[in-house]
Amino acid sequence: MADICVIGGTRFFGKRLVHRLLGDGHRVTLVNRGITPDPFGDKVERLVADATDTASLTTAVASSRFDAVVHQMCYSPRTAVAACEAFGDRAGKFVLTSSMEVYNADTFRWEIPAPPMSAFARESELDPADYRYDLDLPWDDEGFLWPNYGEGKRQAEAAMTSQAAVPVAIARIAHVLDANEDFTGRVQFHVDHLREGREILAHANPGKTSLVPATEAAAFLAWLATNEVEGPVNAAAPEPVNVYDVLAAFEEAVGRKATVVEQESPSGDDLSPYSCPADFGMSVDKAAELGFAFRPAADWLPELAAAAVKES
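Residues numbered from 1 in each chain as written. Predicted model: local features only at pLDDT ≥ 70, side-chain atom pairs only at ≥ 80, totals over all residues. Heavy atoms only, no water.

Asks: Report on the overall build of the protein, specifying residues and quantitative values.
Replies: A count of helices and strands for the protein gives 10 helices and 13 strands. Compactness check: the protein gives a C-alpha radius of gyration of 19 Å against a globular reference of 20 Å for 312 residues, within 12% of the reference. Dimensions along the principal axes, computed over C-alpha positions, put the protein at roughly 55 × 45 × 40 Å. Split into buried and exposed, the 312 residues of the protein put 53% on the buried side. Within the protein, contacts between residues separated by at least 24 positions form 80% of all contacts whose residues are at least 6 apart in sequence. (Helix = DSSP H or I, 4+ residues; strand = E, 2+ residues; numbered from the N terminus. Rg over C-alpha atoms; globule rule 2.2 N^0.38 Å. Buried < 20%, exposed > 50% of the residue type's maximum accessible area, 1.4 Å probe, protein only. Contact = heavy atoms within 4.5 Å.)

Structure representation (structure tokens):
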């Protein structure tokens, strides 16, 4: 049994992470602003803090010690440094929830060149220890933060790797699908378009991308928190898929064929969020070598699509 702190943990696969940790018998403490209710009752401890503010977070965790801290709310180097300073060596390790977007060459900013990366990137192609970060950029401005999501995650990885007094594991997570907590609306997009018989736009000769179900994203984070793994590790189904692979599962669940229109430069509300202009995904060979096996998308997409149709 371990004492694990989850920063966030009140929505999407963060909730699934907490359920997983509790089911595995661990003691869980949630740290968040205390605004969003959670379903865990007296099964968890709660500390109220703004994770982006060093003083607030330091005060909240000053008397606590954890075997691991899973940071679900780290979108900038400033937030990463705040966590490093607040916990010091009173966390056995950090697990930083990052994103596949760190490999997106289109999101590199401020004359930082994107390193050469393969279509299905490996962790070694982007080393956070070699990446620079800038605490003086306006990360507190949401109008700056969210348009620079990929850059913020890269710099958060770099800052935590550089500043943490304890080991750091980084989960680079693919597009996450969840039938129950679909706050992105990406799953519901396909259910609605199929039910209503609306055209779905896609890129011409769409590329493949990496997906992962919320249950496995949560299981992977729990595994990182309780194993001696360090550095970045990709989290995704082992075989990438294209928009037609995704649609096949939803067509079966809805009982209706999709009308797909391919365009060279599609845009607008009818563009499938899982249509890519070219291959863009991740290799998960490292996770497999370390002992964590992700299921192929073909094994879980139909079940997820059926659950999403039932829920909506």
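And the narrative resumes.
Asks: So what's going on with the state of the cysteines? Which residues, and what values?
Replies: What the rule picks out here adds up to 0 disulfides. The thiol of Cys74 is unpaired, and the distance to the nearest cysteine sulfur, on Cys84, comes to 8.1 Å. The class of Cys84 is buried, set by a relative accessible area of 6%. (Disulfide = S-S within 2.5 Å.)

Asks: Go over unusual backbone geometry with me, naming the residues and quoting the values.
Replies: Phi is positive for Phe12, which is not a glycine, with a value near 50°. You can see Phe12 is positioned in helix 1 (residues 12-23). Take Phe12: its relative accessible area is 9%, and that puts it in the buried class. Despite not being glycine, Asn205 shows a phi value in the positive range, around 50°. Mapping Asn205 onto the fold places it in the loop between strand 9 (200-203) and strand 10 (211-213). Judged by relative accessible area, which is 66%, Asn205 ranks as exposed.

Asks: I'd like to hear about the pairing of strand 5 (residues 94-99), residue by residue, with values.
Replies: Of all 6 residues that make up strand 5, 6 are buried, and the element is covered over most of its length. Of the two faces of strand 5, the one lined by Phe94, Leu96 and Ser98 and the one lined by Val95, Thr97 and Ser99 are each fully buried. Where strand 4 (residues 68-71) lies against strand 5, 3 bridges are found, and the strand directions are parallel. Its bridge partner being in strand 5, His71 is matched across the sheet by Leu96. (Pairing = 2+ DSSP bridges.)

Asks: Please provide a residue-by-residue account of the pattern of salt bridges, values included.
Replies: Enumeration over the complete set of coordinates arrives at 13 salt bridges. Residue Lys257 pairs with Glu251 through a salt bridge whose shortest N-O separation is 3.5 Å. Note on Glu251: relative accessible area 13%, which makes it buried. Each of Glu196, Arg198 and Asp270 takes part in a single network of salt bridges with overlapping partners. (Salt bridge = Lys/Arg side-chain N within 4 Å of Asp/Glu carboxyl O.)

Asks: Talk me through the packing of aromatic side chains; I want residue IDs and the actual numbers.
Replies: Counted according to the given criterion, the structure contains 13 aromatic pairs. Seen from their ring centres, Trp139 and Phe144 are 5.2 Å apart, and the 70° between their planes marks the pair as edge-to-face. Taking relative accessible area as the criterion, Trp139 reaches 3% and is therefore assigned buried. When the centroid spacing of 4.7 Å and the interplanar angle of 55° are considered together, the rings of Phe292 and Phe294 count as tilted. Residue Phe294 is classed as buried on the basis of its relative accessible area, which comes to 8%. One aromatic cluster is present, built from ring pairs that chain together Phe220, Trp223, Phe292 and Phe294. (Phe/Tyr/Trp six-rings, centres within 6.5 Å; stacked < 30°, edge-to-face > 60°.)

Asks: Mind laying out helix 8 (residues 243-254), listing which residues take part and the relevant values?
Replies: A rise of 1.5 Å per residue sets the reference length of helix 8, with its 12 residues, at 16 Å; its end C-alpha atoms lie 16 Å apart and thus fit the reference within 8%. Taken together, the buried positions of helix 8 are Val243, Val246, Leu247, Ala249, Phe250 and Glu251. As for helix 8, its buried residues are in contact with helix 6 (186-196), strand 9, strand 10, strand 12 (260-263) and helix 10 (297-311). Its side-chain oxygen placed 2.9 Å from the backbone nitrogen of Tyr244, Asn242 serves as the N-cap of helix 8. Gly255 sits one or two positions beyond helix 8 and adopts a positive phi of about 80°. (Expected span 1.5 Å × (residues − 1). Polar contact = N/O pair within 3.5 Å; in protein donor to acceptor, adjacent residues only side chain to side chain.)

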